[in-house]
There are 2 protein chains.
Amino acid sequence: MKMFIQRNSPLPLHQQIYHSIRDQIVSGLLTDGDQLPSIRQLAQQLQVSPMTVVQAYRLLEKENWIVQVQGKGSFVRTQEPSEETQPSPFAWQKKISNNLIGARYPSFYHWPVEYPMADSVIDPELLPNLFIEQELIKLLSQDPRSLSRYSEIQGDFHLRSAISKYLQKLSIHTSPEEILITNGTQQAIDLVTRTFLQPGDLVVTEAPTYAAALDLFKSQGVTLLSVPVDEEGMKISNLMRIFSQKTPKLIYTIPSFQNPSGVTMSRKRRQQLIELVQNTTTLILEDDPWSELYFEKKPPEPLFSMDTQGHVIYIKGLSKILAPSCRIGILLARGPIFHQLLTMKGNVDLGNPLLTQKAILSIIQTERMQRHLEKLRIALQLRRDYLIYCLQVYMPAGVKWHKPLGGLNLWVELPEKVNALTITEQAKEQSVSVLPGTICYPYEEGGDRFLRLTFASLNEKKIEEAIRRLGVIIYKALNAPSAFANA
Amino acid sequence: MKMFIQRNSPLPLHQQIYHSIRDQIVSGLLTDGDQLPSIRQLAQQLQVSPMTVVQAYRLLEKENWIVQVQGKGSFVRTQEPSEETQPSPFAWQKKISNNLIGARYPSFYHWPVEYPMADSVIDPELLPNLFIEQELIKLLSQDPRSLSRYSEIQGDFHLRSAISKYLQKLSIHTSPEEILITNGTQQAIDLVTRTFLQPGDLVVTEAPTYAAALDLFKSQGVTLLSVPVDEEGMKISNLMRIFSQKTPKLIYTIPSFQNPSGVTMSRKRRQQLIELVQNTTTLILEDDPWSELYFEKKPPEPLFSMDTQGHVIYIKGLSKILAPSCRIGILLARGPIFHQLLTMKGNVDLGNPLLTQKAILSIIQTERMQRHLEKLRIALQLRRDYLIYCLQVYMPAGVKWHKPLGGLNLWVELPEKVNALTITEQAKEQSVSVLPGTICYPYEEGGDRFLRLTFASLNEKKIEEAIRRLGVIIYKALNAPSAFANA
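What you are looking at is a predicted structure, and each value in this text was computed from that prediction instead of being measured. (Residues numbered from 1 in each chain as written. Chains lettered and ligands numbered in written order. Predicted model: local features only at pLDDT ≥ 70, side-chain atom pairs only at ≥ 80, totals over all residues. Heavy atoms only, no water.)

A. Here's a closer look at helix α12 (residues 354–365) of chain B. The terminal C-alpha atoms of α12 of chain B, which comprises twelve residues, lie 17 Å apart, in line with the 16 Å expected from a rise of 1.5 Å per residue. Counting buried positions over the twelve residues of α12 of chain B gives eleven, a clear majority of the element. Turning to α12 of chain B, its buried residues number three or more, namely Leu354, Leu355, Thr356, Gln357, Lys358, Ala359, Ile360, Leu361, Ser362, Ile363 and Ile364 of chain B. Tucked inside the fold, the buried residues of α12 of chain B contact α4 (129–142) and α12 (354–365) of chain A together with α4 (129–142), α5 (157–168), β4 (179–182) and α13 (368–394) of chain B. (Helix = DSSP H or I, 4+ residues; strand = E, 2+ residues; numbered from the N terminus. Expected span 1.5 Å × (residues − 1). Buried < 20%, exposed > 50% of the residue type's maximum accessible area, 1.4 Å probe, protein only. Contact = heavy atoms within 4.5 Å.)

B. Region of interest: the interface of chain A and chain B. On the chain B side, the residues contacting the 89 residues of chain A number 89 residues. Here chain A and chain B share four salt bridges between them. Across the pair Arg194 of chain B and Asp190 of chain A runs a salt bridge, and its minimum N-O distance is 2.8 Å. At the junction of chain A with chain B, the criterion picks out 45 residue pairs in polar contact (both at pLDDT 80 or more). Counting residues per element, the side of chain A that touches chain B draws most heavily on helix α11 (residues 336–349) of chain A, at ten residues. Tallied by class, the residues present in the side of chain A that touches chain B amount to 39 nonpolar, 36 polar and 14 charged. (Salt bridge = Lys/Arg side-chain N within 4 Å of Asp/Glu carboxyl O. Polar contact = N/O pair within 3.5 Å; in protein donor to acceptor, adjacent residues only side chain to side chain. Nonpolar A, V, L, I, M, F, W, Y, C, P; charged D, E, K, R; others polar.)

C. Seen up close, helix α8 (residues 236–245) of chain B. Residue and element names in this part refer to chain B. Looking at α8, one finds that the buried residues are Ile236, Leu239, Ile242 and Phe243. Along the axis of α8, the buried residues cluster in a sector spanning 110°; they form a single face. The outward face of α8, more than 90 degrees from its buried face, is lined by the exposed residues Arg241, Ser244 and Gln245. (Arc of directions from axis to C-beta.)

D. View of the side chain of Thr182 of chain A. All names here are of chain A. Within the secondary structure, Thr182 sits in strand β4 (residues 179–182). What makes Thr182 buried here is its relative accessible area of 0%. Leaving out residues up to four positions away in the same chain, Thr182 has contacts with Gln187, Ala188, Leu191, Arg327, Ile328, Gly329, Ile330, Leu331, Lys345 and Asn352.

E. Fine view of the environment of Leu408 of chain A. Residues and elements named next belong to chain A. Mapping Leu408 onto the fold places it in the loop between β12 (400–402) and β13 (409–413). Between the C-alpha atoms of Leu408 and Asp119, which are 289 residues apart in sequence, the distance is 9.4 Å. Excluding its chain neighbours within four sequence positions, the residues that come into contact with Leu408 are Ser120, Val121, Ile122, Trp290, Leu293, Lys320, Leu380, Leu453, Thr454, Phe455 and Ala456.

F. Molecular detail of the nonpolar core. In terms of nonpolar packing, the biggest core is built from 186 residues, with Ile364 and Ile467 of chain A together with Ile364 and Ile467 of chain B touching the most fellow members. Residues within four places of Ile467 of chain A in sequence aside, it is in contact with Met117, Leu387, Cys390, Leu391, Tyr394, Met395 and Leu453 of chain A. Membership of the second largest hydrophobic core comes to 114 residues, among which are Leu283, Phe338 and Tyr441 of chain A together with Val203 of chain B. (Core = buried A, V, L, I, M, F, W, Y, C linked by side-chain atoms within 4.5 Å.)

G. The arrangement of the packing of aromatic side chains in detail. The full count for this structure, using the stated rule, is 20 aromatic pairs over all chains. Each ring, one from Phe304 of chain A and one from Tyr314 of chain A, has its centre 6.1 Å from the other, and the planes form 50°; the classification is tilted. Highlighted residues: Phe304 of chain A in helix α10 (residues 303–306) and Tyr314 of chain A in strand β10 (residues 312–317), separated in sequence by ten residues. In this pair, the class of Phe304 of chain A matches that of Tyr314 of chain A, namely buried. A centroid spacing of 5.8 Å and a plane angle of 55° characterise the contact between Tyr105 of chain B and Tyr109 of chain B, whose relative ring orientation is tilted. Considered together, Tyr105 of chain B and Tyr109 of chain B belong to a single accessibility category, that of buried residues. It is Lys428 of chain B that lies over the ring of Trp111 of chain B; its NZ or CZ is 4.1 Å from the centre. The ring of Tyr115 of chain B carries Lys462 of chain B above its face, with NZ or CZ at 5.8 Å from the centroid. (Phe/Tyr/Trp six-rings, centres within 6.5 Å; stacked < 30°, edge-to-face > 60°. Lys NZ or Arg CZ within 6 Å of the ring centre and 35° of its normal.)

H. Here's a closer look at the sheet that holds strand β15 (residues 435–436) of chain A. All names here are of chain A. Sheet architecture is open: four strands sit in the order β12-β13-β16-β15, paired in antiparallel fashion. Two strands close off the open sheet at either side, each with one partner strand: β12 and β15. Note: β15 against strand β16 (residues 450–454), two bridges, orientation antiparallel. Note that in β16 the partner of Leu435 across the bridge is Arg452. (Pairing = 2+ DSSP bridges.)

Honestly, that's just the spatial picture; any functional story needs more than this.
Shown next, in the form of structure tokens:
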């Protein structure tokens, strides 16, 4: 059993073991009836004292994740015991060692509920479906053969050219040669992880941060440290303290309208960050999911543009704001590392499909793109304001939030004693999905007091109903009655 | 510098070091002027004697890959020295350690030549572009919103349902729940590699085999052994000898119209293979790129269908025979390992694009698919026959081949003293691409006597011109005149 255990973590070892095993159960990698390693085995494997494992197993048993059977060992007990009594012919497969440590993000991904507020997704009403559809039909009618062509591993040259022009509007001056097309941002993070990260490397993230990136970094066995964000973004003073002890291999940051907190890193902090890594071998992975979606003023220029030495790898999702069904991300890098990332892309899938690249090409090439973004900014700002209005109306005192100046999400702080995971589960029963802050921190430290809500996926009527339902649940958690319980 | 070095390999260690460094240069990971580790450093890192490194460096110097400068060290010298004299601001990046060992396959991938015979690609003339285009236009017109939807991580349920029905024709009885949609077969191999393979694990492949799979297995640091194929496929007796010493973690096989040799594993061997792994923990990765494309009779049923214990993971490319621009592969597995592979898919990219899945859905659902395959089989058989006719006419004595009974490729054996890599380079100058057998063996052992030619990508006229050009080159390599040199 592979585990994510770190000796320099603020979390006690027994709690780390507890989290690791719980993550595997939640991810479905350990299932009902699976036997856990004996206390002695696991203590030996992880080089911890047997008492540490005993404490972890007790904690798991207390929360009903496992049962310990005298003389037999410890077994996983999932919430809904399966009725199957027949032994499975595939049970032997459990003996095959694997490289998985459990992934927390997919457990919350795209729940099929009536009011989805967990995923950073834009309401299709606000997307240029018709324009893209018509352009794609035009392309296919003129050139059906395009269905038979492969893309270059690096990505279609025409799309890369169009993107390099588009990026100028974001203060990024680049060329098609520095752009790699990826299967969404997720693959871009994965390519960086796989190309450069090695067990024991130090990786620094913001806290909170994008949960799926944490899953990837953990799976590579790195040492993970996090730096809190305030109104100006990542606290560079904390980062300096880390540098004074050890040089990180990678810093992962989302400087503009940070996911999930919504805050934007100030220009000064950006400059400090770039200065900090000069003359080190640290790479910065700059994730820019939605800096175009500002409501008041443009965020400061990206780190990638401030960097002249090739420390910054810039990644961006493109299809989210256009046509999510195309799943297209980009990665920008300069110098030898670009070729290394390209080699890895060849290894892992030999390149993106061409059809999806062609599908978004025409809108990116035209002025239509800027008009679409202008409309989108206005629409999203209205929805953000409406979400805040609903929170003011339907939430009990003690629920707080930070007003984001762009992006898709609002970060909500719950009153003390209200647990984010519990609220998430109860909301699901009411057909509302929310993202628990728990999974946005490496060790859940304090994250159970936060929820991420998107204001982009639902119209105003639906936002109101979702927040009404959520308010009722949070009132109940505080043992207080909501005035809107039976609306 | 990461290297692929194995103590139990038939190849002497100094040659393995030579190959590893050469692969990195060919892959562009090491470039002009890069300094290699000192002899002492590398000897220490690899735990070999300094003389072994000296021998490797001498071999590299002899072939002009590197230069050794007295008192300074050894430096990469690429074929075309760059004219840049300005030191690059990104040179420091070379100090960042990475996980790449070099990939041989992408160096030969999709060369932009007039006569491409290197890639297993089907001539667009033979693909149902028009039908797929019309169905896609219909879908987009009826439901432009489909551009805004995400796919499940596992893949679109409707596509998985249609595929499970389609697979019945290939004697595979499965359900949508056992199918995972991947970004081409390449990603399917990668998911298996990443989920299950660990450094030191034993992986067995056929020799020769699919070059890009070798790249992936090597990059995971496994121990690689290969088993030759004869007219009945993988030699099971050799495999048994391996099992008597150590149980492999994975066996990678392409049983039907093997890539690149074209041979098909007999039913008897398939049964023996399945029997061999029973009651072991060995997984079989069955790659079935084109078993539908048989010219005389259907190949025996897949290993996946003979296996009742869940040892076989079956993977298949689907877009190659329909619409390569969609890049869709599938992976089938039963038991807990399926969920593990699905978890890895979530980690690496959160799922395929939906648009490309919808694009091939309608043809797979209809009878049209079978009609398309019937026509394709006939067309490909004619081209195979024509390729063989051209080889008979244009090739010197001593060039041999095995007549494939299906698939897209023909495996050509060159006369002694004719080197595949040299021929490949010279053919490129004549705008003909061929795949050198060299990269289809883990250590190139004997592979430099083979070429893989596809008969699927060109029409008869182009096949003839390509083979005429290739014939002239091979005649020249034998110091013999071709009668067709100036056709």
